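Chain by chain, the residues run as shown.
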Amino acid sequence: MDDLVPPREADITYETEQPVRYETNGPVAWIVMDRPKYNNAQNSQMTYALDDAFQRAVNDDAIKVIVLAGEGKHFSAGHDIGTPGRDVAKSFERRLLWADHVNKPAAEMLYTREQEVYLGMCRRWRDTPKPTIAAVQGACVAGGLMLAWVCDLIVATEDAFFQDPVVRMGIPGVEYFAHAFELPPRVAKEFLLLGERMTAQRAEQFGMVNRIVTREALKEDVQSMALKLAAQPRLGLWLTKQAVNHVEELRGKRTAMDAQYHMHHFAHAQGDLTTGNPLGGQDARSMVAANKKQAGES
Ligand code: ZN
């Protein structure tokens, strides 16, 4: 199979029917990405399962706090650009009021798809009425950033790192463009232009990470933080997160993302026109190899 061509629906092979686990621990819902074999690469099967899980947690009055976590060595390696379960060519019952992307020609296909599964869903999850905590270990790369960033709080392990290397594809950052809100502008530029890994320790200096813990303590520490949140009044929590989110909106977060979304898709289209591939000629293998080389790993 050529990695540059997304598989036809008939060629998609899922390694699991359940790419997301939903568990509860007292008043805390744990939404756990569960594709450890592929470092929790996000295919549509996963994003729709995440959306189901968020809905379930929001609908259950007994749940007061939502944790988003990843099974295995890494939180998330990003969007699925090369596993047998890559399902770009598959239709799902949509959650937002967009048309189906599958039968759309040329650039319209990805433009439509990513409005739903990336930008649209991320905004939905960010606006959940319950506080959310991302529990991040290992890699939190590209599409992985979007999942951590939609959460209200981020707890990272000592060995966690953050990276958005998509400039190598000719793309100005992932679809949920919060980079310049999570980081000071000059640091956001460095992060995007060089595309290098940022350690959890450095991310904490800019307030992108709330707390750093050991890998062994991650679950326990996040659960205990969640229980502290759960002891606060429900509506108070909702209003408080909305108040801060509103400040981000006043600073132009939504319109900045809308503007970047169009640059992002201009870049996909340019990649397609010049290399026959909306990822600018890159695939999962070439991206992993380049990331490792950059990080000095073999
Ligand atoms: Zn994209």
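Up top is the structure these notes are about.
Figured I'd write up the structure that's included with this text. (Residues numbered from 1 in each chain as written. Predicted model: local features only at pLDDT ≥ 70, side-chain atom pairs only at ≥ 80, totals over all residues. Heavy atoms only, no water.)

Our focus in this paragraph is the overall build of the protein. In terms of regular secondary structure, the protein is built from 10 helices and 9 strands. A compact globule built from 298 residues would reach a C-alpha radius of gyration of about 19 Å, and the protein, at 18 Å, matches this within 12%. Evaluated residue by residue, the protein yields a buried proportion of 51% over its 298 residues. Taking all contacts inside the protein whose residues are at least 6 apart in sequence as the whole, residues at least 24 apart take part in 72%. Total accessible area on the protein is roughly 13700 Å²; 55% of this is exposed by carbon and sulfur atoms. The distance from the centre of the 34 positive side-chain charges to the centre of the 39 negative ones in the protein is 3 Å. (Helix = DSSP H or I, 4+ residues; strand = E, 2+ residues; numbered from the N terminus. Rg over C-alpha atoms; globule rule 2.2 N^0.38 Å. Buried < 20%, exposed > 50% of the residue type's maximum accessible area, 1.4 Å probe, protein only. Contact = heavy atoms within 4.5 Å. Areas by Shrake-Rupley, 256 points an atom, 1.4 Å probe, with all protein chains shown as cover. Lys, Arg positive; Asp, Glu negative; His and termini not counted. Charge placed at Lys NZ, Arg CZ, Asp CG, Glu CD.)

A few words on the packing of aromatic side chains. Counted under the stated rule, the structure contains 3 aromatic pairs. Relative to F92, the ring of Y48 lies with its centre 4.6 Å away and its plane at 5°, an arrangement referred to as stacked. Separated by 44 residues along the polypeptide, Y48 in helix α1 (residues 44–59) and F92 in the loop between β3 (65–70) and α2 (106–126) bring together distant segments of the chain. For the pair Y48 and F92, one class covers both residues: buried. Ring geometry for F54 and W125: centres 5.3 Å apart, planes at 15°, overall stacked. Of this pair, F54 sits in helix α1 while W125 sits in helix α2, and the two are 71 residues apart along the sequence. Residue F54 shares its accessibility class with W125, and that shared class is buried. A cation sits over an aromatic face here: K90 above F92, 5.3 Å from the ring centre. One residue, R197, lies across the ring of F161, its end atom 4.1 Å from the ring centre. (Phe/Tyr/Trp six-rings, centres within 6.5 Å; stacked < 30°, edge-to-face > 60°. Lys NZ or Arg CZ within 6 Å of the ring centre and 35° of its normal.)

Right, let's talk about the environment of I81 for a bit. Counting through the fold element by element, I81 comes out in the loop between β3 and α2. Assessed through its relative accessible area of 17%, I81 is described here as buried. The sequence separation of I81 and R285 amounts to 204 residues, and the corresponding C-alpha distance is 9.2 Å. Once you skip the residues sitting within four places of it in the chain, I81 turns out to touch R86, M169, L279, D283, A284 and M287.

A few words now on the coordination of the zinc ion. Six octahedral donors at a metal ideally form angles of 90 or 180 degrees, and four tetrahedral donors ideally form angles of 109.5 degrees. Ligation of the zinc ion by protein atoms is provided by E114 (OE), E114 (OE), E175 (OE), H264 (NE2) and H268 (NE2), these donors lying 2.1 to 2.5 Å from the ion. Each donor residue of the zinc ion lies on the same chain, and together they follow the pattern E-x60-E-x88-H-x3-H. Highlighted residues: E175 in the loop between β7 (161–163) and α4 (179–182) and H264 in helix α9 (residues 253–275), separated in sequence by 89 residues. Judged by relative accessible area, E175 falls into the buried class, the value being 3%. (Donors = N, O, S within 2.8 Å, 3.2 Å for Na, K, Ca; no water.)

Mapped onto the elements, D87 comes out in the loop between β3 and α2. In this structure D87 is buried but unpaired, with R113 as the nearest side chain of opposite charge at 4.4 Å. Separated by 2.9 Å, the side chain of D87 and the backbone nitrogen of Q45 make a polar contact. If we ignore the near neighbours within four places in the chain, the residues touching D87 are I12, Y14, N43, S44, Q45, F92 and R113. (Salt bridge = Lys/Arg side-chain N within 4 Å of Asp/Glu carboxyl O. Polar contact = N/O pair within 3.5 Å; in protein donor to acceptor, adjacent residues only side chain to side chain.)

Now for helix α10 (residues 284–294). The N-terminus of α10 is capped by D283, whose side-chain oxygen sits 3.1 Å from the backbone nitrogen of R285. G296 occupies a position one or two residues after α10 and carries a positive phi of about 75°.

This part is about the sheet that holds β7. One open sheet holds the 3 strands; their spatial order is β5-β7-β8, and the pairing between them is mixed. In this open sheet, the two strands that pair with only one neighbour each are β5 (139–141) and β8 (198–199). Bridging between β7 and β8 involves 2 bridges; their strand directions are antiparallel. From the neighbouring strand, F162 faces β8, where its bridge partner is M198. (Pairing = 2+ DSSP bridges.)

The geometry of α1 relative to α2 is characterised by a closest axis approach of 11 Å and an angle of 30° between their N-to-C directions. If you check the angle between α1 and α2, you find them roughly parallel. Regarding α1 and α2, the two cross each other, and that crossing is left-handed. Across from S44, T47, Y48, L50, D51, F54 and Q55 in α1, the residues of α2 making contact are R113, E116, V117, M121, R124 and W125. Partitioning the contact of α1 with α2 into residue classes produces 6 nonpolar, 3 polar and 4 charged. (Axes fitted to C-alpha atoms, helices over the stretch in contact; angles between N-to-C directions. Parallel < 35°, antiparallel > 145°, perpendicular 65-115°, else oblique. Left-handed = near helix turned anticlockwise from the far one by under 90°. Nonpolar A, V, L, I, M, F, W, Y, C, P; charged D, E, K, R; others polar.)

Moving on, we come to unusual backbone geometry. Of note in this structure, N39 is not a glycine but carries a positive phi near 50°. Mapped onto the elements of the fold, N39 is located in the loop between β2 (28–33) and α1. Relative accessible area serves as the criterion here: at 30%, N39 is assigned to the partly exposed category. Of note, A142 is a non-glycine position whose phi angle comes to about 50°, a positive value. By the secondary structure assignment, A142 is in the loop between β5 and α3 (143–149). Under the relative-accessibility criterion, A142 is labelled buried at 10%.

Just distances and angles here, no functional claims.
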